[in-house]
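# Per-entry structural report
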Amino acid sequence: MFDFFKKSQGLLGMNARNLDYIRPSNRKRGMEIADSKLLCKRTLKKNNLGVPALIAKIENHEELEKFDFSTLPNSFALKPNRGFGGEGILVVYGRKKSTAPQSSPLNAHSSPSATPLPATKTTPSDSTNTPEKPIGENETNPFSENWVKADGSIVTVDDLKNHIRNILDGSFSLSNIPDIAFFEERLKLLKLFKPYAYKGIPDIRVIIYNRIPIMAMLRLPTKHSDGKANLQQGAIGVGIDLATGTTTTAILGKGHIIEYVPNTRLILSGIKIPYWKDVLRMAIDAQAISHLGFLGADIAIDRERGPVILELNARPGLSIQLANFSGLKSRLNRVKGLQVKTTERGMRVGMNLFGGEIEEEIEELSGKRVIGTIEKVKLIGKDGKEIEVEAKIDTGADSTAIDTELAKELGFAETLRIFDEKVAGRDIMQELTKAERELLFSSVPDLADTTSVQSSHGASYRPVVHIELVMDTLSIPARVSVIDRAHLEYPVIVGRKNLRKFLIDVNK
Amino acid sequence: MEYHPLITFFVEQGVPIQTVLLLLMLPVIATLVAFFRQVIGIKAFGIYTPSIITFALLAFDPNGVKYGIAIFVGVIVVGMIVRFALKRFRLLYLPRVAITLSIISLAILIILVIGGMYQRTGLAAVSIFPLLIMITLAEKFVATQIEKGSHIAFILAAETLLISVIGYYLISWNALTTLILRFPWIILFTFLINFSLGKWTGLRVTEYFRFRKIARYL
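Residues numbered from 1 in each chain as written. Chains lettered and ligands numbered in written order. Predicted model: local features only at pLDDT ≥ 70, side-chain atom pairs only at ≥ 80, totals over all residues. Heavy atoms only, no water.

### Remarks on the overall build of chain A
Counting its secondary structure elements, chain A contains 14 helices and 22 strands. Counting contacts in chain A only where the partners sit at least 6 residues apart, residues at least 24 apart contribute 64% of the total. Split by element, the accessible area of chain A, about 23,200 Å² in all, is 51% carbon and sulfur. (Helix = DSSP H or I, 4+ residues; strand = E, 2+ residues; numbered from the N terminus. Contact = heavy atoms within 4.5 Å. Areas by Shrake-Rupley, 256 points an atom, 1.4 Å probe, with all protein chains shown as cover.)

### Considering the overall build of chain B
Regarding its fold elements, chain B presents 11 helices and zero strands. Written out in order from the N terminus, the α and β elements of chain B read α-α-α-α-α-α-α-α-α-α-α. Across its three principal axes, chain B shows a C-alpha extent of roughly 60 × 60 × 30 Å. Sorting the 218 residues of chain B into buried and exposed places 44% on the buried side. Expressed as a percentage of contacts within chain B between residues at least 6 apart in sequence, the contacts between residues at least 24 apart total 78%. Of the roughly 11,800 Å² of accessible surface on chain B, a fraction of 72% belongs to carbon and sulfur atoms. (Buried < 20%, exposed > 50% of the residue type's maximum accessible area, 1.4 Å probe, protein only.)

### Some details on the packing of helix α5 (residues 93-117) of chain B against helix α7 (residues 128-148) of chain B
Residues and elements named next belong to chain B. Running from N to C, α5 and α7 point in directions that differ by 140 degrees, and their axes come no closer than 10 Å. Regarding the angle of α5 to α7, the classification is oblique. Crossing handedness for the pair α5 and α7: right-handed. For the pair formed by α5 and α7, the contact residues are Tyr93, Arg96, Val97, Thr100, Leu101, Ile104, Ser105, Ile108 and Leu112 on the first element and Leu131, Ile135, Thr136, Ala138, Glu139, Val142, Ala143 and Ile146 on the second. Classifying every residue of the contact of α5 with α7 by side-chain character gives 12 nonpolar, three polar and two charged. (Axes fitted to C-alpha atoms, helices over the stretch in contact; angles between N-to-C directions. Parallel < 35°, antiparallel > 145°, perpendicular 65-115°, else oblique. Left-handed = near helix turned anticlockwise from the far one by under 90°. Nonpolar A, V, L, I, M, F, W, Y, C, P; charged D, E, K, R; others polar.)

### Side note on the confidence of the model for chain A
Regions with low pLDDT carry predicted coordinates that are not meant to be interpreted in detail. For chain A, mean pLDDT is 82; residues scoring 70 or higher make up 87% of the total. In the model, residues 99-143 of chain A has pLDDT below 50 throughout and makes 62 contacts with residues more than four positions away in sequence or in other chains. (pLDDT = per-residue confidence, 0-100.)

### Examining the domain arrangement of chain A
Reports of interface size often rely on the accessible area that becomes lost once the parts have come together. Residues and elements named next belong to chain A. For chain A, the domain assignment lists domain 1 (2-49 + 192-339), domain 2 (54-186) and domain 3 (363-504). For domain 1, the biggest contributors to the area lost against domain 2 are Lys37, Leu38 and Lys199; these three give 40% of the whole. Applying the counting rule to domain 1 against domain 2 returns two salt bridges. The salt bridge partner of Glu184 is Lys41, with a shortest N-O separation of 2.5 Å. Here the side of domain 1 that touches domain 2 is composed, by residue class, of one nonpolar, four polar and eight charged. (Domains from an automatic or database assignment. Buried area = accessible area lost by both parts, 1.4 Å probe. Salt bridge = Lys/Arg side-chain N within 4 Å of Asp/Glu carboxyl O.)

### Some thoughts on the sheet that holds strand β10 (residues 246-252) of chain A
Residue and element names in this part refer to chain A. Pairing within the open sheet is antiparallel, and its seven strands lie in the order β11-β10-β9-β8-β7-β12-β13. Of all strands in the sheet, those with a lone pairing partner are β11 (256-258) and β13 (306-313), marking the two edges. Strand-to-strand twist across the sheet, computed as the mean angle between neighbouring axes with direction ignored, equals 30 degrees. Of the strand pairs in this sheet, strand β12 (residues 294-302) and β13 are connected by seven bridges, and their pairing is antiparallel. Opposite Ala297, over in β13, you have Leu312 as the bridge partner. (Pairing = 2+ DSSP bridges.)

### Considering the interface of chain B and chain A
Listed by partner, the interface residues are 25 residues for chain B and 35 residues for chain A. For the pair chain B and chain A, the two sides together bury roughly 2,800 Å², of which 58% comes from carbon and sulfur. Between chain B and chain A we count six residue pairs in polar contact (both at pLDDT 80 or more) in total. Of all the secondary structure elements, the ones that give two or more residues to the side of chain B that touches chain A are α7 and α11 (205-210) of chain B. (Polar contact = N/O pair within 3.5 Å; in protein donor to acceptor, adjacent residues only side chain to side chain.)

### What to know about the pairing of β13 of chain A
Most of β13 of chain A sits inside the fold, with six of its eight residues counted as buried. Where β12 of chain A hands over to β13 of chain A, the hairpin turn is made up of three residues, counted between the paired strands.

### Concerning the pattern of salt bridges
Summed over the entire model, instances satisfying the criterion amount to 27 salt bridges over all chains. Among the charged side chains, a network of salt bridges with common partners joins Asp203, Arg205, Arg219 and Asp298 of chain A.

### Quick look at the packing of aromatic side chains
The final tally for this structure, using the stated rule, is 13 aromatic pairs over all chains. Taking 5.5 Å as the distance between ring centres and 15 degrees as the angle between the ring planes, the aromatic pair formed by Phe67 of chain A and Phe183 of chain A counts as stacked. A residue pair is termed long-range when its members are at least 10 positions apart, and Phe67 of chain A in the loop between α5 (61-66) and β2 (76-80) and Phe183 of chain A in strand β6 (residues 181-185) qualify at 116 residues. For Phe67 of chain A, a relative accessible area of 17% translates into the label buried. Overall, the relative accessible area of 0% leaves Phe183 of chain A in the buried class. Ring geometry for Phe9 of chain B against Phe10 of chain B: centres 6.3 Å apart, planes inclined by 50 degrees, an arrangement best described as tilted. On the accessibility criterion, Phe9 of chain B (44% relative accessible area) is partly exposed. Using a relative accessible area of 30% as the deciding quantity, one classes Phe10 of chain B as partly exposed. Through successive ring pairs, a cluster of aromatic residues spans Phe67, Phe69, Phe76, Trp147 and Phe183 of chain A. (Phe/Tyr/Trp six-rings, centres within 6.5 Å; stacked < 30°, edge-to-face > 60°.)

### Some details on helix α9 (residues 328-335) of chain A
Residues separated by three or four positions in an α-helix point in the same direction, a consequence of the helix having 3.6 residues per turn. All names here are of chain A. Every buried residue of α9 is listed here: Leu328, Lys329, Arg331, Leu332 and Val335. Taken around the axis of α9, the buried residues stretch over an arc of 160 degrees, which confines them to a single face. Directly beyond the C-terminal end of α9, a positive phi value near 85 degrees is found at Gly337. (Arc of directions from axis to C-beta.)

### Looking at a nonpolar patch on the surface
Together, Leu106, Leu109, Ile110, Val113, Ile114, Met117 and Tyr118 of chain B give the surface a local cluster of nonpolar side chains, amounting to about 760 Å² of exposed area. If you trace the backbone, Val113 of chain B turns up in helix α5. (Patch = residues over 30% accessible without salt bridge, like charges linked within 9 Å, V, L, I, M, F, W, Y side chains within 5 Å.)

### A look at the environment of Leu32 of chain B
Residues and elements named next belong to chain B. On the secondary structure map, Leu32 appears in helix α2 (residues 17-40). For the pair Leu32 and Thr177, spaced 145 residues apart in sequence, the C-alpha to C-alpha distance is 15 Å. What Leu32 contacts, discounting residues up to four positions off in sequence, is Ile163, Ile166, Gly167 and Leu170.

### Focus on the nonpolar core
Within the largest apolar cluster, 79 residues are counted, with the highest numbers of intra-cluster contacts made by Ile204, Ile214, Leu218, Leu268, Trp276, Ile309 and Leu312 of chain A. Tallying contributions element by element places helix α7 (residues 276-290) of chain A first for this core, with eight residues. With residues up to four places along the chain from it excluded, the contact list for Ile309 of chain A reads Leu44, Leu49, Gly50, Val51, Pro52, Met282, Ala286, Asp298 and Ile299 of chain A. Counting residues in each nonpolar core, the second largest holds 52 residues, with Leu21, Phe60, Val75 and Ala107 of chain B among its members. (Core = buried A, V, L, I, M, F, W, Y, C linked by side-chain atoms within 4.5 Å.)

### With respect to the pairing of strand β20 (residues 474-483) of chain A
Residues and elements named next belong to chain A. Bridging between strand β17 (residues 401-403) and β20 involves three bridges; their strand directions are parallel. What sits directly across from Ala401, in β20, is Ser481. Connecting strand β19 (residues 458-471) to the next strand, β20, in antiparallel fashion are two residues, including Asp472 with a positive phi near 50 degrees.

Okay, here's the thing in structure tokens:
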């Protein structure tokens with residue numbers, strides 16, 4: 001019982017999400033972008049991020065009266081601008097003519113972006129097996145403008161108008177504020193996802209914080225969720241290993257753990273998500289553009305266009321933790337305060353830190369921790385001074401070296417000053433014997449040793465100090481040499497001597 | 001009963017003791033609702049609805065809980081039935097709520113009359129305002145139904161009722177009323193409690209429950 005409470009500390013709850021992450025990180029402008037799908041679409045598009053194309057929008061009842069429904073393509077999604085939780089979204093898959101035989105192609109109103117569909121089919125399959133008739137023979141009667149929904153039910157113009165009226169009146173927006181309705185291109189289902197998804201389009205939710213991907217899940221619509229990829233409505237959430245983009249564990253709806261797609265033998269783990277790095281990159285870029293410090297990006301993968309951003313969420317839900325069997329809080333704590341300047345770096349950090357289901361098994365077998373080539377390392381210096389930095393893990397180096405400035409911050413400023421004084425610019429190795437050197441440096445405080453290092457930049461004579469390295473929660477006492485690394489990318493390089501307890505995975 | 005000099009002063013100025021007490025109780029109820037939300041994780045319909053229902057229950061005294069719950073459940077049930085009945089007409093929001101409210105108030109009237117027929121006049125004798133408060137609850141309920149679905153609306157209604165009943169027992173608890181009338185300053189403690197609730201980042205009780213299945217994998 002007590003253990004249960006202790007373990008739960010890594011989970012992010014509503015209180016902590018609102019107080020520690022949403023409130024401080026998400027500014028008003030970002031919230032506006034997240035709350036308005038149209039503004040979001042416009043902003044992302046301006047910054048060259050893929051979004052589903054806008055077909056038309058209807059802002060008020062007057063525009064609704066004037067709107068020509070025959071200009072609509074065969075398939076589209078009708079959405080409320082400020083809807084939430086997937087409410088109020090209506091998707092049609094094809095046109096149906098009341099008089100036409102079911103198998104005839106329905107080309108009459110197809111816009112360039114829409115594929116003609118046989119009316120009876122509910123999935124976007126190709127119509128190549130049906131004979132193509134000349135377009136002239138297929139003119140649709142304007143009074144029989146019908147579309148077909150995923151479940152085969154008919155949607156008439158009146159149905160659409162009614163739905164739009166409801167949207168305009170704010171039936172689907174928070175606190176019933178009048179809203180805008182818009183038509184959007186319907187995304188085409190990726191072949192890979194076809195067996196897993198019931199009718200709708202699966203999407204990938206990525207949580208981004210501090211430009212680093214923290215957690216991700218694949219959401220699969222089910223029969224129960226009515227083709228919507230929303231866990232609250234009964235969709236499937238599948239956790240994703242950030243390093244590889246491969247699915248891991250899964251839940252159904254609000255927290256029922258599952259291994260297979262219900263009523264099938266389709267296993268949910270091990271699905272490799274295509275364009276994985278692009279998905280992460282887009283999510284990180286979307287965060288930078290939207291200025292939402294704590295963001296849930298919903299990304300779908302279109303069969304032709306690849307990943308597109310569906311929506312940004314300023315208040316991402318917490319179920320993602322269930323799908324991943326992992327707590328957000330512990331992950332967020334690991335990246336807090338990291339300075340990430342580029343998308344690539346953020347992606348790498350996220351992949352390094354939050355991937356590795358498989359590694360854990362290796363760790364259990366070998367008794368060693370698996371780390372990547374770049375790791376977050378905590379240095380504990382004199383008098384317990386702590387600094388956290390990214391370090392290069394280098395099996396080509398014999399020992400560990402840290403940057404002079406870092407050593408100063410760790411409390412060795414005095415040591416370094418006296419050391420420099422004693423060296424006084426001489427070539428110590430050549431001029432003095434071992435005994436003389438020992439005598440010379442014996443009075444320098446906190447100096448553990450001195451050493452001559454041969455590196456690719458030539459030989460250098462360096463002071464060595466005692467610090468504690470904490471890598472992947474493992475603490476290692478280390479003797480590290482101090483050298484000016486200001487011109488190098490990483491202020492710390494960890495060498496073989498301090499890597500005995502680790503295995504290095506270069507893919508991380 | 002002995003009052004604090006300040007309370008005595010209020011009463012001397014013509015403020016009824018009942019009003020003083022209720023106004024001093026409001027912070028307690030509000031704090032209770034906040035506690036239920038932040039620590040337990042019971043949402044209810046915001047803070048206004050459970051507080052006002054609590055006072056409505058109090059106004060139904062001496063049979064506050066019995067009649068109060070009956071009316072509350074009546075409002076919710078009628079609200080649900082009307083929603084399903086009106087669904088096919090596809091009405092706009094406000095007219096639909098207007099119809100719902102009208103039917104609910106008629107239903108309440110019928111309940112009162114039937115109560116009278118069976119010599120249960122206690123219900124009909126209460127002031128109209130608690131009844132009106134209960135009826136307007138329907139708007140909150142209908143709005144939630146539209147936004148979040150019937151299932152969630154029903155849960156939130158049940159949670160609201162639960163908090164209100166607990167609140168009712170809290171403010172009709174003699175020890176507490178005596179304490180507040182003797183030492184009204186203790187009301188200031190609610191500020192302290194709310195400040196700490198406002199900074200509380202721990203998991204809610206319901207969240208422990210929600211995540212229980214994955215706890216062993218963490």
